[in-house]
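What follows is each chain in one-letter form.
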Amino acid sequence: MIVYILRNIVFAFQEAVTNLRINKGLSVITIGTIAVSMTLFGIFFLIFINLQRVAVGLGGKVKLFVYLKDTISHSQIEDMRKKIVSYHEVEKFSYISKEDALSDFRNRLKDKKSILDGLGFNPLPASFIIEIKEDFRTLDSMENMERRLSLMEGVEDIEYGKKWIDRFETIMTFLKLGMIAIGGVLVIGLLFIISNTIKLSVYSRHDEIEIMKLVGATNRFIKGPFIIEGMIQGFLGGILSIILLIVIYKIFISSLSYSIMPIFGIHEISFIQPKVIIEICISGLILGFI
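I will try to describe carefully the structure that is included in this document. (Residues numbered from 1 in each chain as written. Predicted model: local features only at pLDDT ≥ 70, side-chain atom pairs only at ≥ 80, totals over all residues. Heavy atoms only, no water.)

Turning our attention to helix 9 (residues 274-289). With 16 residues, helix 9 should reach 22 Å at 1.5 Å per residue; the first-to-last C-alpha distance of 23 Å fits that figure. Among all positions in helix 9, only V276, I280, C281, G284, L287 and G288 are buried. When helix 9 is viewed along its axis, its buried side chains cluster within an angular range of 145 degrees and face the same direction. Those residues of helix 9 that are exposed and angled more than 90 degrees off the buried face are P274, K275, I278 and F289. (Helix = DSSP H or I, 4+ residues; strand = E, 2+ residues; numbered from the N terminus. Expected span 1.5 Å × (residues − 1). Buried < 20%, exposed > 50% of the residue type's maximum accessible area, 1.4 Å probe, protein only. Arc of directions from axis to C-beta.)

On the surface, a cluster of nonpolar side chains totalling about 920 Å² of accessible area is made up of V36, L40, F235, L236, I239, L240, I243, L244, V247, I251 and F252. Elements represented by at least two residues in the nonpolar patch include exactly helix 2 (24-59) and helix 8 (219-251). Among the elements that line the nonpolar patch, the one with the most residues is helix 8, at eight residues. Checked against the element boundaries, V247 lands in helix 8. (Patch = residues over 30% accessible without salt bridge, like charges linked within 9 Å, V, L, I, M, F, W, Y side chains within 5 Å. Areas by Shrake-Rupley, 256 points an atom, 1.4 Å probe, with all protein chains shown as cover. Salt bridge = Lys/Arg side-chain N within 4 Å of Asp/Glu carboxyl O.)

Across the sheet, which stays open at both edges, the four strands sit in the order 2-3-1-4 with antiparallel pairing between neighbours. Each edge of the sheet is formed by a strand with only one pairing partner; in this case those strands are strand 2 (90-96) and strand 4 (155-159). In this sheet, adjacent strand axes meet at a mean angle of 20 degrees when their direction is disregarded. (Pairing = 2+ DSSP bridges. Axes fitted to C-alpha atoms, helices over the stretch in contact; angles between N-to-C directions.)

This next bit is on the packing of aromatic side chains. Evaluated as defined, the whole model comprises two aromatic pairs. On the basis of an interplanar angle of 40 degrees and a centroid distance of 5.0 Å, the ring pair of F93 and F128 is categorised as tilted. Here F93 is found in strand 2, whereas its partner F128 is found in strand 3 (residues 127-132), with 35 residues between them in sequence. You can call F93 partly exposed: its relative accessible area is 23%. Since its relative accessible area comes to 0%, F128 is described here as buried. With a centroid separation of 5.6 Å and 55 degrees between ring planes, the pair formed by Y95 and F128 is classed as tilted. (Phe/Tyr/Trp six-rings, centres within 6.5 Å; stacked < 30°, edge-to-face > 60°.)

Next comes the structure, spelled out in structure tokens:
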């Protein structure tokens, strides 16, 4: 029984390879179309993962600035410090006194710091600077932190770039939805391409199939070569799409690393991981099988 199954598999594979060789032009067009479609999806995926890196990089710069009232006492500051440090969202915490804030402001003014000499008082408030852990740099988490901090006695104002975070989260949400939509369209397109290619193969071998039926071949036995043919086309298309992605990455995308990406604190655009490369090839094979 096992020998019979193996013999059928070998026959189906040989027939599929023979059919691909006979219909070279059609096979090349199909594999190329699959490769281009999967490459487009891969480019979109590259953009997505690097935008996520940008989000993490910029997220590291998002901080909560808690400005304190001038009437706050040292004991109140210490109590607030202990409470804030205990929050599980907090990654780093620092306290800036009124004197340190004014000194830092003077240093920032450089040659123009003399304009502060006429002030008879320090107008800058003391503040806490709170950095949030990566997993909690969402708008909901930041708003939750703001609510808790605003209830503390001695807090004058809180700033953390709420509008910027909201806009960036909206962009990332639309990007995810766009990736799902484009991925769905490409998958449907690939299925259509492969299925029509196999239909053409069936039509071109119509007489051969009729003869095989007359001599007692089962539908499963006849379908085998066509299924394997689709799998081979999908797999080769997946491999070719990886090669195209590497070429595009080396020639075009990586050049952006030296011009645009440093603005966002990222010095190199990431390529897709080896695990994803394997998944793309397997996806092509599965598409061909379907």
